[in-house]
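The chain contents come next:
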Amino acid sequence: MPKLLHKEKLADNITLIKVAAPRIAKNAQPGQFVVLRVSDKGERVPLTIAETDPAKGEVTIIFQKVGATTKVLDTMKVGDELVNLLGPLGAPAHIKKLGTVVVIGGGVGIAEILPAIKAYRAVGNKVITIIGARCTDLLILKDKIEKESDELHIITDDGSCGRKGFVSDILKEMIEGNVKMDLVFAVGPVPMMEVISNITKPLNLKTIVSLNPIMLDATGMCGVCRVIVGGHTKFGCVDGPEFDGHLVDFVDLKNRLSTYKTEEKQAEEHVCKILGVKI
Amino acid sequence: MTDDINKRIMPEREADNRIKDFEEVALGISTEQAVAEAKRCIQCKKPFCVKGCPVEIDIPAFILEIAKGNFDAAAKKLKEKNALPAICGRVCPQEDQCEKVCILGKKGTPIRIGYLERFAADWERTQKTGDQRPETRDRPPDAPKMAVVGSGPAGLTCASELARKGYAVSLFESLHLPGGVLSYGIPEFRLPKEIVRLEVEYIQSLGVDLQLDVLVGKTITIQQLFDEGYKSVFLGAGAGLPRFMRVPGENLKGVYSANEFLVRVNLMKGYKFPEYMTPVKIGKKVAVIGAGNVAMDAARCSLRLGADEVTIVYRRTEKEMPARIEEIERAKEEGIKFVLLNAPTEVFGDENGWVKEMECLKMELGEPDSSGRRRPVPIEGSEYKIQVDTIIVAIGQTPNPLIPHADPRIKTEKWGGVIVDDKGMSSIPGVFSGGDLVRGAATVISAMGDGKQAAIAMDAWVNSPK
Ligand SMILES: Cc1cc2nc3c(=O)[nH]c(=O)nc-3n(C[C@H](O)[C@H](O)[C@H](O)COP(=O)(O)OP(=O)(O)OC[C@H]3O[C@@H](n4cnc5c(N)ncnc54)[C@H](O)[C@@H]3O)c2cc1C
Ligand SMILES: Cc1cc2nc3c(=O)[nH]c(=O)nc-3n(C[C@H](O)[C@H](O)[C@H](O)COP(=O)(O)OP(=O)(O)OC[C@H]3O[C@@H](n4cnc5c(N)ncnc54)[C@H](O)[C@@H]3O)c2cc1C
Ligand code: SF4
Ligand code: SF4
Ligand code: FES
């Protein structure tokens, strides 16, 4: 079973782990993700592959503690083993040289944008990154992202770190300031991706969003991850997770994501009781 | 014995009782019943029954052992041809296969071959008197490597046959449990997972190296398998792609594909939430669309999860229902309602995005279609609404497209089935396929037959001069 080789707390709620997974490390491409389980009664949870080291056979995952599974994952120590790790999953990102790419990460999404930043930059794009969340969530990840980006903008809801406001405010200013942009890539809470897609749509500024529908098998077998894109039903786990933001039906996505709200809380309470931690 | 082939002589739990849990419904025949039934077999010199079995079990021989009271010998005889007898004895559509052609069926009741098969396999497992470990042949250290993809009945059978031929077999499975549909699809009350586990263990004991969490096409490509020294590859990835109705409202909360629902219930054990961490939500009024085995399973699981009313909605009549008659009867006994000659046209939601109503259109039967069944024709203006809060879509699955997408050298039919020649070889030399990936949603035993044929062909292919 895949062993935890390294663990690092990046911020209050964000943890980085490296896991031994030679086959995944060998074949993974930007935009792809893994599914893991933390116990033999656990849920199958999707997480982006943040980095790979094919030579060492290692895969890096950066996750935010939001619920039952990620809380248990956060208690695991170096040397512990995951019960399952499947990947690389999803369609690889279409990384091309376009000029300037604006990468936007919000909330949980900040943990997911690192591979995109690196990949777009590696083929010669200028990468302007915008991240937004609570200040404490950013403290350490900020340095990593800053290092990889040509330009970094930070904005927080309460102004406790960087500017006060939303990531979309910065994007709007850049558009008003006629900053040349060839592609926008956004990951984060659905409302954020929706707002950004709505801003860029009238300008015909191509916008890729990485969607996070509920997943189960993540191999194209159950259809729980279905999203409507351009009027067609697509499976997020095999056709995605990246889609053209101008074509995504965000209302449908938001609705489907709320299916298990009550149960997620219940699972979290259950796990916290077992772990003896406070929610 | 009666003359009705569909009469169930096997004892089973009372409907009121069994719908309260996921424990097995059919209890198996007694030793006396088994011996009496076995003695009815006239031991045909040219047994038709064997022709009706896709894996060609020596049916008269195993039945004779039961008649003589040698139950272990019967089990051993079964395992010569069928690595999964306890499973086939439970889920094989016997009435359409071996039993259909049994000579005694011409004038009276055919031998209940499936019941006897289950009896012998269960005897061996529960009495533990038999030779538990199979003839594990000593494998030479340099045995050629063979790759089998997918651990459903097709893959399990192919792997066990190859192992018996002395190959070093790796069996790759993408899910976290082996068994394919046997694990994630068919519910506990029809096929206890402990039996699947033990039968898989048996196959591992033949020397098969089972590797879970490997999605071939993504984790490792077919080409990489050959690069790693595998001599031949069998693809048994199944028909896992769910079909949807394509009606408005199908994405509302409360609409499941049968696959999603059954995976949550069977594979993830959602009925034990939150101890098991994957939830499954069931409403009060459930509509299951379709009338195959999958639909019956979904309906009966819904009942066991606590739904008040479960209705099967099917666009043809009872005669055309593809599910096993036995399972349809059990569903009825358990209180499942059947609304026939009806097809959903739209799903409506409440203000929170949950399913609230379904609109149906009434049908009548017209001319036979390509499948020979009479085609349902909508009756214009017959739309009406029914109140439901959960809808499970069980209108079929198509072959899993992931591997052909990952390796476009694999040619497929328009509907997704992998194209193979009469030896089971795909358009890539050395890559074979069978089971639902080739046939579309079919049966456990046909998948096993394919796995077996492929193993023979793979053996020949590896040893042929190239
Ligand atoms: C393709 C893909 C890649 C992802 N990559 C990452 C990653 O690299 N790092 C990371 O931290 N998270 C990532 N996520 C989100 C991650 O899967 C969820 O945070 C995780 O499933 C939460 O599990 P849990 O049991 O801890 O919490 P749950 O109890 O399942 O959920 C707790 C809270 O998180 C929300 N939530 C649940 N599922 C998701 C989801 N899929 N996306 C967003 N919010 C969700 C719930 O609405 C709820 O408020 C990714 C999701 C997808 C689909
Ligand atoms: C709910 C339900 C009830 C049924 N009831 C009956 C019944 O009573 N009697 C009967 O005879 N038949 C029944 N069937 C049909 C029967 O189960 C199937 O025909 C049979 O399981 C097909 O076997 P298979 O080996 O081809 O595929 P599957 O059983 O589908 O197994 C395929 C396996 O391959 C794995 N896989 C897929 N892609 C990959 C990949 N890329 N890499 C690695 N692994 C992969 C899958 O996870 C799966 O485990 C039922 C089916 C369902 C869904
Ligand atoms: S495996 Fe199926 S078809 Fe073959 S003898 Fe057994 S029940 Fe009959
Ligand atoms: S055809 Fe019927 S009677 Fe004849 S050997 Fe087979 S099971 Fe026995
Ligand atoms: S998660 Fe099951 S099909 Fe995508």
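Residues numbered from 1 in each chain as written. Chains lettered and ligands numbered in written order. Predicted model: local features only at pLDDT ≥ 70, side-chain atom pairs only at ≥ 80, totals over all residues. Heavy atoms only, no water.

### Section: the overall build of chain B
What counts, and what does not: The helix and strand labels rest on DSSP assignments: H or I over at least four residues marks a helix, E over at least two residues marks a strand, and numbering proceeds from the N terminus. As defined in this context, the radius of gyration uses C-alpha atoms, and a globule is described by 2.2 Å times the residue total to the power 0.38. Whether a residue is buried, partly exposed or exposed follows from its accessible area with a 1.4 Å probe, protein chains only, as a fraction of its type maximum: under 20%, in between, or over 50%, in that order. It only takes one pair of heavy atoms within 4.5 Å for two residues to be counted as in contact. When charges are counted, neither His nor the chain ends are considered; positive counts come from Lys and Arg and negative counts from Asp and Glu. Positions of charges follow a simple convention, taking NZ of Lys, CZ of Arg, CG of Asp or CD of Glu.
Summing up its helical and strand segments, chain B has 18 helices and 16 strands in all. Whereas a compact globule of 466 residues would reach a radius of gyration of roughly 23 Å, chain B reaches 23 Å, a difference of no more than 12%. Within the span of chain B, comprising 466 residues, buried residues form 61% of the whole. Residue pairs at least 24 apart in sequence account for 69% of intrachain contacts in chain B once pairs closer than 6 positions are excluded. Computing the positive centroid from 65 side-chain charges and the negative centroid from 66, chain B places the two 3 Å apart.

### So, the pattern of salt bridges
All names here are of chain B. Stated precisely, the cut-off is as follows: When a carboxyl oxygen of Asp or Glu lies within 4 Å of a side-chain nitrogen of Lys or Arg, that pair is called a salt bridge.
In this structure the tally under the stated criterion is 43 salt bridges over all chains. A salt bridge links Arg 125 to Asp 122; its shortest N-O distance comes to 3.0 Å. With a gap of three residues between them, Arg 125 and Asp 122 both fall in helix H8 (residues 113–127), about one helical turn apart. Here Arg 125 matches Asp 122 in class, with each residue buried. Of the charged contacts in the structure, one is a salt bridge between Glu 327 and Arg 300, with a shortest N-O distance of 2.7 Å. With Glu 327 in helix H15 (residues 325–333) and Arg 300 in helix H14 (residues 293–304), this pair connects stretches of sequence that are 27 residues apart. Judged by its relative accessible area of 2%, Glu 327 falls in the buried class. For Arg 300, a relative accessible area of 1% puts it in the buried group.

### A closer look at helix H3 (residues 114–122) of chain A
All names here are of chain A. Buried within H3 we find Leu 114, Pro 115, Ala 116, Ile 117, Ala 119 and Tyr 120. The elements touched by buried residues of H3 are strand S4 (45–53), strand S5 (58–64), strand S7 (100–106), strand S8 (126–133), helix H5 (141–148) and strand S11 (183–187). Gly 124 sits one or two residues past H3 and shows a positive phi near 105 degrees.

### Section: the pairing of strand S3 (residues 33–37) of chain A
All names here are of chain A. Filter applied, for reference: Each pair of strands is called paired provided DSSP finds at least two bridges between the two strands.
Taking burial as the measure, the five residues of S3 include five buried ones, the bulk of the element. The alternating pattern of S3 places Phe 33, Val 35 and Arg 37 on one face and Val 34 and Leu 36 on the opposite face, and all of these are buried. Bridging between S3 and S4 involves four bridges; their strand directions are antiparallel. Considered in S4, the bridge of Leu 36 is made with Val 45. Looking at chain direction, S3 and strand S6 (residues 84–89) are connected through four bridges and run antiparallel. Bridged to Phe 33 within S6 is Leu 89.

### What about the site of ligand 4?
Which entries qualify depends on this criterion: The rule for a residue being near a molecule or strand is that one of its heavy atoms must lie within 4 Å of it. Residues are grouped as follows: nonpolar covers Ala, Val, Leu, Ile, Met, Phe, Trp, Tyr, Cys and Pro; charged covers Asp, Glu, Lys and Arg; every other residue, Gly included, is treated as polar.
Every residue lining ligand 4 is accounted for by Cys41(B), Ile42(B), Cys44(B), Pro47(B), Cys49(B), Pro60(B), Cys102(B), Ile103(B), Leu104(B), Ile111(B) and Ile113(B). Among the residues making up the shell around ligand 4, the classes are represented as 11 nonpolar, no polar and no charged.

### A look at the environment of Ile445(B)
Residues and elements named next belong to chain B. Positionally, Ile 445 belongs in helix H18 (residues 444–463). Considered as a pair, Ile 445 and Pro 54 are 391 residues apart in the sequence and their alpha carbons are 6.4 Å apart. Filtering out sequence-adjacent residues up to four positions away, Ile 445 remains in contact with Pro 54, Val 55, Cys 88, Cys 92 and Gln 97.

### With respect to the interface of chain B and chain A
For clarity, the threshold we go by: Throughout, buried area stands for the accessible area (probe radius 1.4 Å) lost by two parts on being put together, summed over both. Whenever a nitrogen or oxygen atom comes within 3.5 Å of another N or O atom, the pair is scored as a polar contact, on the condition that within protein one atom can donate a hydrogen and the other can accept it, and that pairs from neighbouring residues in sequence are kept only if both atoms are in side chains.
Tallying the contact residues gives 45 residues for chain B and 46 residues for chain A. With both sides pooled, the region where chain B packs onto chain A buries about 3900 Å², and carbon together with sulfur makes up 54% of that total. Summed over the shared surface of chain B and chain A, the result is three salt bridges. A salt bridge links Glu275(B) to Lys41(A); the shortest N-O distance between them is 2.7 Å. On the surface where chain B and chain A come into contact, there are 24 residue pairs in polar contact (both at pLDDT 80 or more). Looking at the side of chain B that touches chain A, the elements that each hand over two or more residues are strand S5 (241–242), strand S6 (255–257) and helix H13 (258–267) of chain B. With four residues, H13(B) is the largest single contributor of residues to the side of chain B that touches chain A. Looking at the side of chain B that touches chain A residue by residue, the class counts come to 22 nonpolar, 14 polar and nine charged.

### Thoughts on the domain arrangement of chain A
All names here are of chain A. This is how the line gets drawn: In this entry, domain limits derive from an automatic or database-based domain assignment.
Along its sequence, chain A is carved into domain 1 (4–89) and domain 2 (93–210). Taken together, the 16 residues of domain 1 in the interface contact 17 residues of domain 2. Overall, the association of domain 1 and domain 2 removes approximately 1400 Å² of surface from exposure, summing both partners, and the carbon and sulfur fraction of that is 59%. Summed over the three residues of domain 1 that lose the most area to domain 2, namely Leu 10, Pro 30 and Gln 64, the buried surface amounts to 34% of that side. Put simply, domain 1 and domain 2 have one salt bridge between them. Inspection of the domain 1/domain 2 interface yields three residue pairs in polar contact (both at pLDDT 80 or more). Those elements that provide at least two residues to the side of domain 1 that touches domain 2 are strand S2 (14–20), S4 and S5. For the side of domain 1 that touches domain 2, the leading source of residues is S4, giving four residues.

### Focus: the site of ligand 2
Residues and elements named next belong to chain B. Convention followed: Surface exposure here means Shrake-Rupley accessible area, sampled with a 1.4 Å probe, where a residue is shielded only by the protein chains that are shown.
Close contacts around ligand 2 come from 36 residues, with Val 91, Ala 154, Glu 173, Arg 190 and Asp 436 the closest. In this structure, Val 181 approaches ligand 2 through a main-chain N or O atom, which is 3.0 Å from an oxygen atom. Take Thr 443: an N or O atom from its main chain is 3.3 Å from an oxygen atom of ligand 2. In the complex, 97% of the free accessible area of ligand 2, which totals 1000 Å², lies under the protein chains. When contributions to the shell around ligand 2 are tallied by element, the ones reaching two or more residues are helix H9 (153–164), H14 and H18. For the shell around ligand 2, the element with the most residues is H14, which contributes three residues. There are two domains that each give the shell around ligand 2 at least three residues, and those are domain 2 (145–240 + 398–462) and domain 3 (244–395).

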